[in-house]
Amino acid sequence: MAEGNSLEVRVSQPHLFWGMSYPIQTIKRSSRIKCVSCGNEEIMKEKLEKIMKDALSQIETSEGLDKLNDIRVAFLGKKGELTSVLKSMKDVAPEDRPKVGQLVNEARKDIEAKLEAKKTAFAKALREEKMKAEVIDVTLPGKKPKLGHRHPNTIALQEVEKIFVGLGYEVVEGPEVEYDYYNFEALNIPANHPAKDEQDTFYINDKFLLRTQTSSVQVRVMEEGKLPIRMIAPGRVFRSDEVDATHSPSFHQIEGLVIDKNITFADLKGTLAEFAKELFGEGTKVKFRPHHFPFTEPSAEMDVTCFKCGGKGCRFCKGEGWIEILGCGMVHPHVLEMSHIDPEEYTGFAFGVGLERIALLKYEIDDMRLLYENDKRFLEQF
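Overview of the structure.

Summing up its helical and strand segments, the protein has eleven helices and eleven strands in all. The long-range share in the protein, meaning contacts at least 24 apart out of those at least 6 apart in sequence, stands at 64%. When the accessible surface of the protein is summed, it comes to about 23,700 Å², and 52% of that surface belongs to carbon and sulfur atoms.

For the rest of this paragraph, the subject is the pattern of salt bridges. Scanning the model with the defined rule gives eleven salt bridges in all. Residue Glu-345 is joined to Lys-261 by a salt bridge in which the shortest nitrogen-to-oxygen separation is 3.2 Å. Taken as a pair, Glu-345 in the loop between helix H9 (333–338) and strand E11 (347–354) and Lys-261 in the loop between strand E7 (250–260) and helix H8 (265–280) lie far apart in primary sequence, 84 residues in all. Judged by its relative accessible area of 43%, Lys-261 falls in the partly exposed class. The network of salt bridges with shared partners includes Arg-289, Glu-301, Asp-303 and Glu-324.

If you trace the seven strands from one edge of the open sheet to the other, you get E3-E6-E7-E11-E10-E9-E8, paired in mixed fashion. Of all strands in the sheet, those with a lone pairing partner are strand E3 (170–171) and strand E8 (286–293), marking the two edges. Direction of pairing for strand E6 (residues 229–238) relative to E7: antiparallel, over a ladder of ten bridges. Following the sheet pairing, Ile-232 is matched in E7 by Gly-256. Here helix H5 (residues 152–166) sits on the sheet and contacts E3, E6, E7 and E11; the angle it forms with E6, its principal contact strand, is near 165 degrees. Here H8 sits on the sheet in contact with E8, strand E9 (296–305), strand E10 (322–331) and E11, set at roughly 150 degrees to E10.

The next subject is unusual backbone geometry. Going from Leu-227 to Pro-228, the amide bond is cis rather than trans, its omega being -5 degrees. Here Glu-297 and Pro-298 are connected by a cis peptide whose omega angle stands at 0 degrees. Here Pro-298 lies in strand E9. Its identity is not glycine, yet Asn-262 carries a phi of approximately 65 degrees, on the positive side. Among the secondary structure elements, Asn-262 is positioned in the loop between E7 and H8. Look at Asn-262 and you get exposed, because its relative accessible area is 68%. Of note, Glu-364 is a non-glycine position whose phi angle comes to about 55 degrees, a positive value. Among the secondary structure elements, Glu-364 is positioned in the loop between helix H10 (355–362) and helix H11 (376–379). When its relative accessible area of 40% is taken as the criterion, Glu-364 is described as partly exposed.

Ile-325 and Leu-326 are the most contacted members of the largest nonpolar core, which totals 34 residues. Mapped onto this core, the elements with two or more residues apiece are H5, E7, H8, E9, E10, E11 and H10. Top contributing element to this core by residue count: H8, with six residues. Apart from the residues within four sequence positions on either side, Leu-326 is in contact with Leu-272, Phe-275, Ala-300, Glu-301, Met-302, Phe-351, Gly-352 and Val-353.

Another aspect to go through is the packing of helix H2 (residues 65–76) against helix H4 (residues 97–133). For the pair H2 and H4, interaxial distance at closest approach is 10 Å and the crossing angle is 175 degrees. It follows from the interaxial angle that H2 and H4 lie roughly antiparallel. Counting all contacts with H2, which are made through Leu-65, Leu-68, Ile-71, Arg-72 and Leu-76, the residues of H4 involved are Arg-108, Ile-111, Glu-112, Leu-115, Lys-118, Lys-119 and Phe-122.

Applying the stated criterion across every chain yields a total of eleven aromatic pairs. Taking the centre distance of 5.3 Å and the plane angle of 75 degrees together, the rings of Tyr-181 and Tyr-182 count as edge-to-face. On the accessibility criterion, Tyr-181 (31% relative accessible area) is partly exposed. Between Phe-378 and Phe-382 the ring centres are 5.1 Å apart and the planes differ by 65 degrees, which places this aromatic pair in the edge-to-face class. Three or more aromatic residues link up through ring pairs in this structure, and these residues are Phe-164, Tyr-169, Phe-275, Phe-349 and Phe-351. Taking NZ or CZ as reference, Arg-220 lies 4.3 Å from the ring centre of Tyr-182, over its face.

What follows covers the pairing of E7. Among the eleven residues of E7, nine are classified as buried, and the element is accordingly described as predominantly covered. Where E7 lies against E11, eight bridges are found, and the strand directions are antiparallel. Paired with Leu-257 across the two strands is Ala-350, which belongs to E11.

What counts, and at which threshold
- Residues numbered from 1 in each chain as written.
- Predicted model: local features only at pLDDT ≥ 70, side-chain atom pairs only at ≥ 80, totals over all residues.
- Heavy atoms only, no water.
- Helix = DSSP H or I, 4+ residues; strand = E, 2+ residues; numbered from the N terminus.
- Contact = heavy atoms within 4.5 Å.
- Areas by Shrake-Rupley, 256 points an atom, 1.4 Å probe, with all protein chains shown as cover.
- Salt bridge = Lys/Arg side-chain N within 4 Å of Asp/Glu carboxyl O.
- Buried < 20%, exposed > 50% of the residue type's maximum accessible area, 1.4 Å probe, protein only.
- Pairing = 2+ DSSP bridges.
- Axes fitted to C-alpha atoms, helices over the stretch in contact; angles between N-to-C directions.
- Core = buried A, V, L, I, M, F, W, Y, C linked by side-chain atoms within 4.5 Å.
- Parallel < 35°, antiparallel > 145°, perpendicular 65-115°, else oblique.
- Phe/Tyr/Trp six-rings, centres within 6.5 Å; stacked < 30°, edge-to-face > 60°.
- Lys NZ or Arg CZ within 6 Å of the ring centre and 35° of its normal.

In structure tokens, the structure reads:
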């Protein structure tokens, strides 16, 4: 051997070397190879190259994102092959550990880069396939969105409210479950009146019921004592009626009230005549017929000229030329007294009209049930 060259072999147990019968520890030679058990740098490098080859091969032949995830777990997960290599670092010679650690990190980066590239390729292919399946023909006409619209009752109610608000009235609402007192007694309807019969009214108990009219709201406003009063009270009411073309157990009313000094029947006629012209047309005329209501005196029913024939007579008005539209009258003095208003100083008038009746007349609907059947073929006409 040339001087200055050496071969160093480290062994954990003394061995016979070149036929010698005594332990040999060091031999000089031209290169240095270090071997400590099985954990040397060359063996680790070979093992990492094999792991890399297997990983890249599996990534290349994978057929979906789920398979890629399985490969990631198998090689980079907590129990993956690269993790196992890191755990075996304790068997590597201390001076070789940095180099082996670097090799492991490089292998991890290469595998992660290949996984990400493959994932991107899958995503791109999936996007292209989806775009082919979702091709949009820009020359086709667009789909018109279907928008809802107001119900005939709502259209009629808003028109009536607009008319009376323009005349200086306010819109007031009240409870649908009402005291018997406000619904009947405060309106001068005695206990033995037919309207209080259980066959006509939905009673909850002896004190509460489903209101049969929105006049109860008028009483509540009068009791507040804030005079003068100009109001309308629209809302749903309930009566024990059978369902047919002109009746329903649940329908809507609009009731109006004016309380002030020096109010006369002329004010009532002028107000309702103006209301009829605004609602049915400028040429509409009104006619008042004597009637009876417990809460008004004198009382009347108001007719309007048929807006189809102008009062000449037709099928719509049954040849009479007039159509009944509402009930009205001067507020009964006793009703004022029960609400603590002096009838010697204040007078007033009241009126009430069915909202459905306005809708039926205005839109020439011959069956009230159509308003509540939710038939799109009917409702889309408005």
